[in-house]
Amino acid sequence: MSKQKEALGKGIRALLEGLDSDVKNESIPEQKKKISGSIIHIPLSQIEINPFQPRVDFDKEKLGELSDSIVVHGVIQPITVRMIQADKYQLIAGERRLRASKMAGLTEVPAFIRTADDQEMLEMALIENIQREDLNSIEIAINYKRLMDECEINHEKLGERLGKNRSTITNYLRLLKLPPEIQSGIKTKKISMGHARAIINVEDPVTQLAIYKDILKRDLSVRKVEEITRNLNDKTKPKDENKKADLSPELKKIEDGLTSLFSTKVRIKKKSKGGEINISFYSKEDLNRILDFLEK
């Protein structure tokens, strides 16, 4: 780092020294009020990780590249934190920058101070995570669902906060109803979001998996998959729909959940007392897969 940059850093710290000394002599609520909305340099030892951080995996290579950039240019975009006690802060957003700063050997980082409760912490962390460029469609869908479930936000409000159409939110959430194998294929980019949206128009998970495997085997285009699912839906028998109508919304939800969980057709049949759950399998290997899952 050049002498000019070092001098600039010292100048910033000198300007903030008065603020830091004032903060230590005040009560925590007053400290929070005073520094909220400010950008100050905070020692890394005083920052703890966000317990609500939705991001788990960090690309080591890209983290190393960011660390190298920080060594040369410093932390250009401040992280965001909240004060939890005197000389103690909790990260709201910017864990990747924080990790890279530690790798670069920094002892302090610039941080924007915000006032936020636990609910707001979770919401901000999830929204920042959604705005990453390298998220796959399933990760986006999971974050949308967490925002709706844990922050009690409906489709419309979520769309407003993210600048997205309600239909866009719905299309992502529908992906979570696909069998785990197909969701995994979306994550690893074996199929595109367009393929997935076409597959989900078919309700039967076994048929969904068959189409998915056909895509991989024959490298089908999105348009071809849309044509296949359209033809299948045209041949759908109304008899199956009448069976589904007999179930209450609660049982239908359970049936859909089990179907997704086992990646095969699951049917719940209600009787006068109790009922039964039928799990379909289509080969010896398929049966062993289900049995292994049940044992675990």
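Residues numbered from 1 in each chain as written. Predicted model: local features only at pLDDT ≥ 70, side-chain atom pairs only at ≥ 80, totals over all residues. Heavy atoms only, no water.

Trainee: Can you help me understand the overall build of the protein chain in this one?
Mentor: Looking only at helices and strands, one finds 15 helices and 7 strands in the protein chain. Each of the 296 residues in the protein chain was classed as buried or not, and the buried ones make up 39%. Pairs at least 24 apart in sequence give 64% of the contacts found in the protein chain among residues at least 6 apart. For the protein chain, the exposed area adds up to about 18,300 Å²; of that, 50% sits on carbon and sulfur atoms. (Helix = DSSP H or I, 4+ residues; strand = E, 2+ residues; numbered from the N terminus. Buried < 20%, exposed > 50% of the residue type's maximum accessible area, 1.4 Å probe, protein only. Contact = heavy atoms within 4.5 Å. Areas by Shrake-Rupley, 256 points an atom, 1.4 Å probe, with all protein chains shown as cover.)

Trainee: Please clarify how helix α4 (residues 95-103) should be interpreted in this entry.
Mentor: At 3.6 residues per turn, the α-helix brings residues three or four places apart onto the same side. Taken together, the buried positions of α4 are occupied by Glu 95, Arg 97, Leu 98, Ala 100 and Ser 101. Among the residues trailing α4, Gly 105 stands out with phi positive, at a value near 85°.

Trainee: Which parts of the structure should I look at to understand helix α12 (residues 222-234)?
Mentor: Here α12 spans 18 Å end to end across 13 residues, near enough to the 18 Å set by a 1.5 Å rise per residue. Every buried residue of α12 is listed here: Val 225, Ile 228 and Thr 229. Projected onto a plane normal to the axis of α12, the buried residues spread over an arc of 90° and lie on a single side. Turned more than 90 degrees away from the buried face of α12, the exposed residues are Arg 223 and Asp 234. Elements that come into contact with the buried residues of α12 comprise α10 (193-199) and α11 (205-218). (Expected span 1.5 Å × (residues − 1). Arc of directions from axis to C-beta.)

Trainee: Just to check I follow, could you spell out the packing of α11 against α12 for this structure?
Mentor: Axes are the key here: two packed helices are described by the angle between their axes and the distance separating the axes. Contact geometry for α11 and α12: axes closest at 11 Å, N-to-C directions at 150°. Overall, the two elements α11 and α12 adopt an arrangement that is roughly antiparallel. Crossing of α11 against α12: the hand is right-handed. Residue-level inspection shows Thr 207, Ile 211, Ile 215 and Arg 218 of α11 in contact with α12, the latter providing Val 225, Ile 228, Thr 229 and Leu 232. Counted by class, the contact of α11 with α12 contains 5 nonpolar, 2 polar and 1 charged residues. (Axes fitted to C-alpha atoms, helices over the stretch in contact; angles between N-to-C directions. Parallel < 35°, antiparallel > 145°, perpendicular 65-115°, else oblique. Left-handed = near helix turned anticlockwise from the far one by under 90°. Nonpolar A, V, L, I, M, F, W, Y, C, P; charged D, E, K, R; others polar.)

Trainee: In this structure, what is going on with a negative patch on the surface? I would like to understand it.
Mentor: On the surface, Asp 59, Glu 61, Glu 65 and Asp 68 cluster together to form a negatively charged patch. Looking at the element boundaries, Asp 68 is found in helix α3 (residues 60-73). (Patch = residues over 30% accessible without salt bridge, like charges linked within 9 Å, V, L, I, M, F, W, Y side chains within 5 Å. Salt bridge = Lys/Arg side-chain N within 4 Å of Asp/Glu carboxyl O. Lys, Arg positive; Asp, Glu negative; His and termini not counted. Charge placed at Lys NZ, Arg CZ, Asp CG, Glu CD.)

Trainee: Explain the packing of aromatic side chains here, please?
Mentor: To describe a pair of aromatic rings, you give the distance between the ring centres and the angle between the ring planes. If you walk through the whole model with that rule in mind, you get 1 aromatic pair. Both rings, one in Tyr 144 and one in Tyr 172, keep their centres 5.5 Å apart while their planes meet at 85°; by these two values the pair is edge-to-face. In this pair, Tyr 144 is assigned in helix α6 (residues 137-150) and Tyr 172 in helix α8 (residues 166-174), connecting sequence segments 28 residues apart. Residue classification places Tyr 144 among the buried positions, given a relative accessible area of 1%. (Phe/Tyr/Trp six-rings, centres within 6.5 Å; stacked < 30°, edge-to-face > 60°.)

Trainee: Got a minute to help me understand the confidence of the model for the protein chain in this structure?
Mentor: Should pLDDT be low for a region, the predicted coordinates there are not to be read in detail. Chain-level statistics for the protein chain give a pLDDT mean of 78 and a share of 76% at 70 or above. Per-element confidence in the protein chain is highest for α10, whose mean pLDDT is 92, and lowest for helix α1 (residues 3-24), whose mean pLDDT is 43. Within the model, the stretch residues 1-25 combines pLDDT values under 50 with 18 contacts to residues more than four positions away or in other chains. (pLDDT = per-residue confidence, 0-100.)

Trainee: Sorry, what's going on with the nonpolar core here?
Mentor: Nonpolar side chains in soluble globular proteins tend to end up buried together. Judged by nonpolar contacts, the single largest core of 36 residues is most densely connected at Tyr 144 and Ile 199. Put simply, the parts of the chain that give this core at least two residues each are α5 (118-130), α6, α7 (155-162), α8, α9 (180-187), α10, α11 and α12. If you tally residues by element for this core, the top one is α6, at 6 residues. Ignoring any residue separated from it by four or fewer positions in sequence, one finds Ile 199 in contact with Leu 178, Ile 182, Ile 191, Gln 208, Ile 211, Tyr 212, Ile 215, Val 225 and Thr 229. Membership of the second largest hydrophobic core comes to 19 residues, among which are Ile 42, Leu 63, Val 75 and Ala 104. (Core = buried A, V, L, I, M, F, W, Y, C linked by side-chain atoms within 4.5 Å.)

Trainee: How should I be thinking about the packing of α6 against α8 in this particular structure?
Mentor: Their axes nearest at 8 Å, the elements α6 and α8 cross at an angle of 110°. Our classification of the angle between α6 and α8 gives roughly perpendicular. Contacts between α6 and α8 involve Ser 137, Ile 140, Ala 141, Tyr 144, Lys 145 and Met 148 from the first element and Ile 169, Tyr 172 and Leu 173 from the second.

Trainee: Looking at this structure, how should I read the pattern of salt bridges?
Mentor: Think of it this way: side chains of opposite charge can pair up when their charged atoms draw near. Applying the stated criterion across every chain yields a total of 5 salt bridges. Among the ionic pairs, Glu 227 bridges to Lys 224, the shortest N-O distance being 3.8 Å. Here Glu 227 and its partner Lys 224 are both found in helix α12, 3 residues apart, which amounts to about one turn of the helix. Close ionic contact of Lys 271 with Glu 276 constitutes a salt bridge, the shortest N to O distance being 3.0 Å.

Trainee: Help me understand the sheet that holds strand β4 (residues 88-93), please; the structure alone is not making it clear to me.
Mentor: Two orientations exist for strands paired in a sheet by backbone hydrogen bonds: parallel and antiparallel. If you trace the 5 strands from one edge of the open sheet to the other, you get β1-β5-β3-β4-β2, paired in mixed fashion. The open sheet has two edge strands, β1 (39-43) and β2 (47-48), and neither has a second partner. Where β2 and β4 come together, 2 bridges link them in parallel fashion. The residue bridging Glu 48 from the neighbouring strand is Gln 90, located in β4. Together, β2, β3 (79-85), β4 and β5 (108-113) form the strand contacts of α4, whose direction differs from that of β4 by roughly 125°. (Pairing = 2+ DSSP bridges.)

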